[in-house]
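In case you want the letters, here they are:
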Amino acid sequence: MSRIGSRLETYKRAGKTALVSFVTAGDPSVATTVPALRALVRGGVDILELGVPFSDPEAEGPTIQKSSERALANGVNLVAVLDMVRDFRQTDTNTPVLMMGYFNSLLHRGPEHLVKNAVEAGVDGVIIVNLPPEEATDIQPAFAAADLDLVFLIAPTTTEARARSIVSVAGGFIYYVALKGVTGAQHLEVETVRKEVLRVQSYTTLPVMVGFGVKDPQDARRIATYADGVVVGSALVRTMEALQSSERQIPGALEAQVRELRDAMDESDQDARE
Amino acid sequence: MSARNRKPYNAPDDGGHFGEFGGRFVAETLTHALDELTELYENLSTDEVFRQRFEHDLAHYVGRPTPLYEALRLTNEIGGARICLKREDLNHTGAHKINNAVGQALLAERMGKRRVIAETGAGQHGVATATVAARFGFDCCVYMGEEDVKRQALNVYRMKLLGAEVVPVSSGSRTLKDAMNEAMRDWVTNVDDTHYIIGSVAGPHPYPALVRDFQTVIGRETKEQSLEQLGRLPDVLIACVGGGSNAMGLFFPFVDDDGVDLVGVEAAGLGIETGRHAAPLNAGRPGVLHGSRSYVMDDEDGQIRETHSISAGLDYPGVGPEHSYWKDIGRANYVAVTDEQAVDAFRLLNRTEGIMPALESSHAVAYAAVEALRRNNDEIIVVNLSGRGDKDIQTIADMDGIQF
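Rules and cut-offs
Throughout, residues of each chain are indexed from 1 in the direction in which the sequence is written. A letter from A marks each chain and a number from 1 marks each ligand, given out in the order of writing. pLDDT decides what is reported in this predicted model: residues at 70 or higher carry local features, side-chain atom pairs at 80 or more are listed and counted, and totals for whole chains, interfaces and linings draw on all residues regardless. As a rule here, side-chain values cover all heavy atoms of the structure and leave hydrogens and water aside. Note on terminology: a nonpolar core comprises buried Ala, Val, Leu, Ile, Met, Phe, Trp, Tyr and Cys residues joined through side-chain atoms within 4.5 Å. Classification of residues uses two cut-offs on accessible area relative to the type maximum, computed with a 1.4 Å probe and protein chains only: under 20% is buried, over 50% is exposed, and between them is partly exposed. Only when DSSP finds a minimum of two bridges between them are two strands counted as paired. Numbering of helices and strands starts at the N terminus; helices are DSSP runs of H or I of at least 4 residues and strands are runs of E of at least 2. Here the axes come from fitting lines to C-alpha atoms, over the contacting stretch only for helices, and the angles between their N-to-C directions go from 0 to 180 degrees. The definitions used throughout rest on a 1 Å grid laid over the protein atoms alone, on which a cavity is an enclosed set of points accommodating a 1.4 Å probe that cannot get out and a pocket is an open set flanked by protein within 12 Å on both sides along at least five of seven lines; lining residues are those having an atom within 4 Å of a point. Grid points are joined across faces, edges and corners, and a volume is the space filled by probe spheres set on the points. The classification used treats Ala, Val, Leu, Ile, Met, Phe, Trp, Tyr, Cys and Pro as nonpolar, Asp, Glu, Lys and Arg as charged, and all other residues, Gly among them, as polar. Within this analysis, patches are made of residues with over 30% relative accessible area and no salt bridge. Like charges are joined at 9 Å or less; nonpolar side chains (Val, Leu, Ile, Met, Phe, Trp, Tyr) at 5 Å or less. Here the accessible surface of atoms and residues is derived via Shrake-Rupley with a 1.4 Å probe, and residues count as covered only by protein chains that are part of the display. A side-chain nitrogen of Lys or Arg and a carboxyl oxygen of Asp or Glu constitute a salt bridge if their distance falls within 4 Å. The rule is short: rings of Phe, Tyr and Trp, with Trp giving its six-membered ring, pair when the centres are within 6.5 Å, and they are stacked under 30 degrees, edge-to-face over 60, tilted in between. The rule for a charge over a ring is simple: NZ of Lys or CZ of Arg within 6 Å of the ring centre, and within 35 degrees of the ring normal. We define a polar contact as two N or O atoms separated by no more than 3.5 Å, with the added condition that, inside protein, one atom must be a possible hydrogen donor and the other a possible acceptor, whereas residues neighbouring each other in sequence contribute only through side-chain atom pairs. We call two residues in contact whenever any of their non-hydrogen atoms come within 4.5 Å of each other. What counts as buried area is the accessible surface, traced by a 1.4 Å probe, that two parts surrender upon association, with contributions from both included.

### Some words on the nonpolar core
- Formed by 115 residues in total, the largest nonpolar core has its most connected members in Phe173 and Tyr175 of chain A together with Trp187, Tyr196 and Trp326 of chain B.
- Counting residues in hydrophobic clusters, the runner-up holds 75 residues, among them Val52, Leu78, Val200 and Ile223 of chain A.

Okay, here's the thing in structure tokens:
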């Protein structure tokens, strides 16, 4: 079982909700990323998503778009992102790391190239936002052979028949997109999401992580009552954006921010166990 | 191989693939809307009511058929094969874009959607979309790169007069590709009540096939008019290719006519060798952009490169997947002409025929001049004059140092 699978398995048994973070690699500078990842883990993050910047990130809201533009301006490419993961792995061999991005900047040299280099660097999974399962059949064998999880998304508009077919090919976990919209959007309806997530959980044993639009401890706490994990991205990226002229403060600020989220989720998990 | 013992052309497959190109590379949220659109599209071919409404609007609103006009003075000036012009510039709103906009507005109405969105570069597709939105009573929002908003102030105002909201896009390179990103973001957010009218044979399945089918009226008319006016089919068809909708519309009805050569003309900008062009079929490689696999212009890291063309409508780093497929199977040939050649052709057609072509279409005229010299006097070239050039007068005047 992959690092992602075994970590989530342990959590499921313990009734603990996983906290997943997203930051863009190389934003606001190349040097900030690895210290930021370590700080996130210290603050209680269980799984790290590292955004691979792309020139045309069509599913992202303004926050992550700008973050992607800053990273590209810093010269960040796939090779640079893998270097960061390698660096992170020198001090942390436990925390699962996923790369998240778009087809063209991840797969421009083909699936074998991506899989080989990702595994060597210590990456556990890949999320390709604009790659639905129908278009992934050619690249899946390379991922399966290397035990690299290819994670798929399910959205509020996904029909049940389709969701069932997605879970049958998905690796690692299911990324449930909590809203119709781009990352970081405003109108998260926690109750609607709850029903949908329970429905997905009824036909898969894969953990279901909820992301897009989770902003604060209140959101995280409420989602933790039913989801297997909570993904926070834009809220963290905003923190880093605000501190880009005082980068040294970024790790501390991120650590404090995720600790609040973690505490809120732990309270919710505690309530559920009692 | 002769057409007789070959299977008729039959692409795309059920998943929208043209060979290795096309498909549907989109965020999961959009899949359901694309499935709905695909289902509707697949039923269109047998939908007599839809066909009649579409043809009615093409005749009475767009003003079709457009003429096939033999350009005798242009032919004499160049001295080679006979050149005929398919006059899409005479359509309502001045370009072929309206054919597709009318078709998709009818689809939106059928789906019960009350809001349409579009991306636009030069503004022609934005104007066409704003026009049909007014005609059908839809709310309309057009995304346009901030750079293009500045360059095409007249079309921006025109869209506003038509009742559309024009949203300047300030992300990325602030041009057409970024406008398309923003339109996709809008669609993801408002997918329940909004239809996205993509303006070219690009984007995720079913758009490349859908837009193609709405534009094939160009080629069907050309075929009939050639037989009637010239007594035979043309020897070669020439059209400019940005995303490639006017070229596909002209070419497609001839795909199984092996004797008809098809030539798509991309924008070589300042020259292919300078890297400052918009010619993915000539100098790009297969990749994924805006929902489908096609030739794209990207760098060694897979980042989409900025493009250059004097013509905003060709200034795009991708191209339709079916053109990508036709390049690989050799059904069409794709060439490129520079800004300078296009401007010369713009002036030439004004002077010899009293017709002002759009700078996009001027690329096709420029290549026709090259092709005509290679062919005999009795051969026939049809050039798709995809749009009129009024919108480009400012650009040409700037080059001539004239200020209004």
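### Here's the deal with the sheet that holds strand S4 (residues 125-128) of chain A
Residue and element names in this part refer to chain A.
- Reading around the circumference, S1-S2-S3-S4-S5-S6-S7-S8 is the order of the eight strands in this closed barrel, with parallel pairing throughout. Neighbour to neighbour, the strand axes of the sheet diverge by 25 degrees on average, direction disregarded.
- As judged from the three bridges shared by S4 and strand S5 (residues 149-154), these two strands associate in the parallel manner. Note that in S5 the partner of Val126 across the bridge is Leu150.

### Some remarks on the layout of surface pockets
Residues and elements named next belong to chain B.
- When its volume is computed, the largest pocket comes out at roughly 600 Å³.
- Together, 22 residues line the largest pocket, and Phe54, Asp213, Phe214, Thr216 and Arg220 are the ones closest to its centre.
- Elements that contribute at least two residues to the lining of the largest pocket include exactly helix H1 (31-44), helix H2 (48-62), helix H9 (207-215) and helix H10 (217-230).
- With six residues, the single largest contributor to the lining of the largest pocket is H2.
- Residue composition of the lining of the largest pocket, grouped by class: 12 nonpolar, two polar and eight charged.
- Within this model, the second largest pocket holds a volume of roughly 510 Å³.

### A few points about a nonpolar patch on the surface
Residues and elements named next belong to chain B.
- Residues Ile393, Ile402 and Phe404 make up a contiguous nonpolar surface patch of roughly 330 Å² in combined accessible area.
- Here Phe404 is to be found in the segment after helix H16 (393-399).
- According to the relative accessible area criterion, Phe404 is exposed, its value standing at 75%.

### Overview of the packing of aromatic side chains
- Evaluated as defined, the whole model comprises 14 aromatic pairs over all chains.
- Judged by centre distance (5.3 Å) and plane angle (70 degrees), the rings of Phe103 of chain A and Phe25 of chain B are edge-to-face. Of the two residues, Phe103 of chain A sits in helix H5 (residues 103-106) while Phe25 of chain B sits in the loop between strand S2 (21-22) and H1, which places them in two different chains. Phe25 of chain B shares its class with Phe103 of chain A; the two are buried.
- Chaining the aromatic ring pairs together yields one cluster made of Tyr9, Phe252, Tyr325 and Trp326 of chain B.
- The ring centre of Tyr61 of chain B lies 5.2 Å from the NZ or CZ of Arg135 of chain B, which sits over that ring.

### Here's the deal with the side chain of Ser29 of chain A
Residue and element names in this part refer to chain A.
- With respect to the helices and strands, the residue Ser29 is situated in the loop between strand S1 (18-24) and helix H2 (30-42).
- Side chain to side chain, Ser29 and Glu247 meet in a polar contact 2.9 Å long.
- Those residues in contact with Ser29 that sit more than four places away from it in its chain are Asn74 and Glu247.

### Some details on the sheet that holds strand S8 (residues 194-196) of chain B
All names here are of chain B.
- Pairing is parallel in the open sheet, where four strands are placed in the order S7-S6-S5-S8. Two strands close off the open sheet at either side, each with one partner strand: strand S7 (165-169) and S8. Strand after strand, the sheet turns through a mean of 25 degrees between neighbouring axes, direction not considered.
- Bridging between strand S5 (residues 115-120) and strand S6 (residues 139-145) involves six bridges; their strand directions are parallel. Bridging from a neighbouring strand, Ile117 pairs with Cys141 of S6.

### Describing the interface of chain A and chain B
- If you look at the interface, chain A gives 35 residues, while chain B gives 37 residues.
- Taken together, the two surfaces of chain A and chain B that pack against each other cover about 2800 Å², and 46% of this comes from carbon and sulfur.
- Inspection of the chain A/chain B interface yields two salt bridges.
- Between Asp56 of chain A and Lys177 of chain B there is a salt bridge, with the nearest N and O atoms lying 3.0 Å from each other.
- Seen at the junction of chain A and chain B, the total is 20 residue pairs in polar contact (both at pLDDT 80 or more).
- If you list the elements that add at least two residues to the side of chain A that touches chain B, you get helix H3 (62-73), H5, S5 and helix H9 (160-169) of chain A.
- Tallied by class, residues from the side of chain A that touches chain B come to 15 nonpolar, 12 polar and eight charged.

### Overview of the pattern of salt bridges
- All told, the structure shown has 53 salt bridges over all chains when counted by the stated rule.
- Residues participating in the shared-partner salt-bridge network are Asp261, Glu371, Arg374, Arg375 and Glu379 of chain B.

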